[in-house]
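A structural walkthrough
This is what each chain is made of:
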Amino acid sequence: MNKRKLQQVVTGVATTDGAGVELVRVIGQPALMDLDPFLLLDAFRSDNPDDYIAGFPPHPHRGFETVTYLLNGRMRHKDNAGNEGVIEAGGVQWMTAGKGIVHSEMPEQQDGLLEGFQLWINLPGSHKMVEPSYQEHDQSQIPVEERPATRIRVISGETSKGTTGPVSQPLTDPLYLDVSLELAGSFIESLPTDHTAFVYVINGSLNIPDENDDGQVVTRDQLAVLGAGDSVELTAGDEAARFLLIAGKPLNENIARGGPFVMNTEAEIQQAFSDYKSGNF
Ligand code: MN
């Protein structure tokens with residue numbers, strides 16, 4: 001086994017998006033513009049309704065997928081293809097924007113804690129203009145794998161023990177795990193060598209092997225980019241830890257960004273704005 005080592009630790013940047021939602025941008029900011037195939041990771045956690053109540057009124061996307069995973073609270077999704085649903089704690093909404101969709105993402109609560117993540121996963125140029133599609137899976141549809149001192153919620157991909165999440169996407173083969181470790185517990189897992197991989201610490205702290213092999217501590221709300229290798233070994237510190245382990249196959253294509261659109265070229269971004277303005281979404 002060739003353990004993946006800690007390559008970079010990234011702390012998110014406080015940002016306001018949508019109609020005034022306070023969030024932390026972890027991927028998609030100067031310290032980490034992208035992590036192919038991942039384009040953006042936003043984390044939100046607040047029990048102050050002023051931080052989230054305005055939500056994300058109707059807006060377009062083209063060229064990639066958005067994955068919303070809620071830890072606490074409720075959010076209602078609605079799009080111009082007729083899809084609508086409410087995700088609750090432990091649920092995921094996986095939207096393939098493809099050639100274009102207009103959707104809204106609004107809190108379905110007036111107060112209380114709203115906590116979760118939105119991840120953007122790129123699509124290859126050959127699939128950026130596919131028909132949009134939408135999947136929603138509530139907590140009961142997300143399998144939980146139990147190991148000693150470890151509980152793994154499998155949102156997409158498959159663990160080495162064969163637990164398979166409800167979402168599969170062969171284009172980027174994403175693995176999306178929500179892992180809880182008891183105090184001092186260790187999580188060892190194999191990962192495809194050609195996949196990009198990162199860890200985001202939700203609670204507690206993790207020790208991750210680094211270049212000196214003595215390990216480095218990564219704490220709450222930090223993202224750790226993992227280097228090359230075929231496995232990971234993550235150990236909880238002096239308290240229980242919860243983290244996301246996310247991996248995917250890089251696309252190695254040019255990335256052109258224009259707000260809610262991510263394409264391969266600037267001309268395709270201009271086309272997206274023009275299609276949206278002329279009502280062709
Ligand atoms: Mn959106």
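Refer to the structure above for everything that follows.
Because the structure is a prediction, the values reported are computed rather than measured. (Residues numbered from 1 in each chain as written. Predicted model: local features only at pLDDT ≥ 70, side-chain atom pairs only at ≥ 80, totals over all residues. Heavy atoms only, no water.)

1. Regarding the coordination of the manganese ion
Reference geometry at the metal: tetrahedral coordination by four donors gives ideal angles of 109.5 degrees; octahedral coordination by six donors gives 90 or 180 degrees. On the protein side, the manganese ion has His59 (NE2), His61 (NE2), His103 (NE2) and Glu105 (OE) as donor atoms, found 2.2 to 2.4 Å from it. Written as a sequence motif, the donor arrangement for the manganese ion is H-x1-H-x41-H-x1-E. With respect to burial, histidine 59 and histidine 61 carry one shared label: buried. (Donors = N, O, S within 2.8 Å, 3.2 Å for Na, K, Ca; no water. Buried < 20%, exposed > 50% of the residue type's maximum accessible area, 1.4 Å probe, protein only.)

2. Thoughts on the sheet that holds strand β1 (residues 6–11)
Strand pairing in a sheet is mediated by backbone hydrogen bonds. Such pairs are either parallel or antiparallel. Strand order in the open sheet formed by seven strands is β1-β20-β17-β22-β15-β14-β13, with antiparallel pairing between adjacent strands. The sheet terminates laterally at β1 and β13 (144–147), the two strands that pair on one side only. Along the sheet, successive strands turn relative to each other by an average axial angle of 20°, direction set aside. (Pairing = 2+ DSSP bridges. Helix = DSSP H or I, 4+ residues; strand = E, 2+ residues; numbered from the N terminus. Axes fitted to C-alpha atoms, helices over the stretch in contact; angles between N-to-C directions.)

3. Things to note about the pattern of salt bridges
Side chains carrying opposite charge are able to pair once their charged atoms draw close together. The final tally for this structure, using the stated rule, is 14 salt bridges. One salt bridge in this structure joins glutamate 115 and arginine 45, with 3.0 Å as the shortest N-O distance. Of this pair, glutamate 115 sits in strand β11 (residues 114–122) while arginine 45 is found in strand β4 (residues 38–46), placing the two residues 70 residues apart along the sequence. Taken together, the shared-partner salt bridges connect Asp17, Arg25 and Asp42 into one network. (Salt bridge = Lys/Arg side-chain N within 4 Å of Asp/Glu carboxyl O.)

4. Focus: unusual backbone geometry
A cis amide bond links aspartate 36 with the next residue in sequence, proline 37, at an omega value of 10°. Assignment of secondary structure puts proline 37 in the loop between β3 (21–27) and β4. Of note in this structure, alanine 184 is not a glycine but carries a positive phi near 65°. A residue is classified by how much of its surface remains accessible, and alanine 184, at 49% relative accessible area, is partly exposed. Look at aspartate 221: it is not a glycine, yet its phi comes out positive at around 70°. Take aspartate 221: it is sitting in the loop between β19 (216–219) and β20 (222–226). Its relative accessible area of 28% is what places aspartate 221 among the partly exposed residues.

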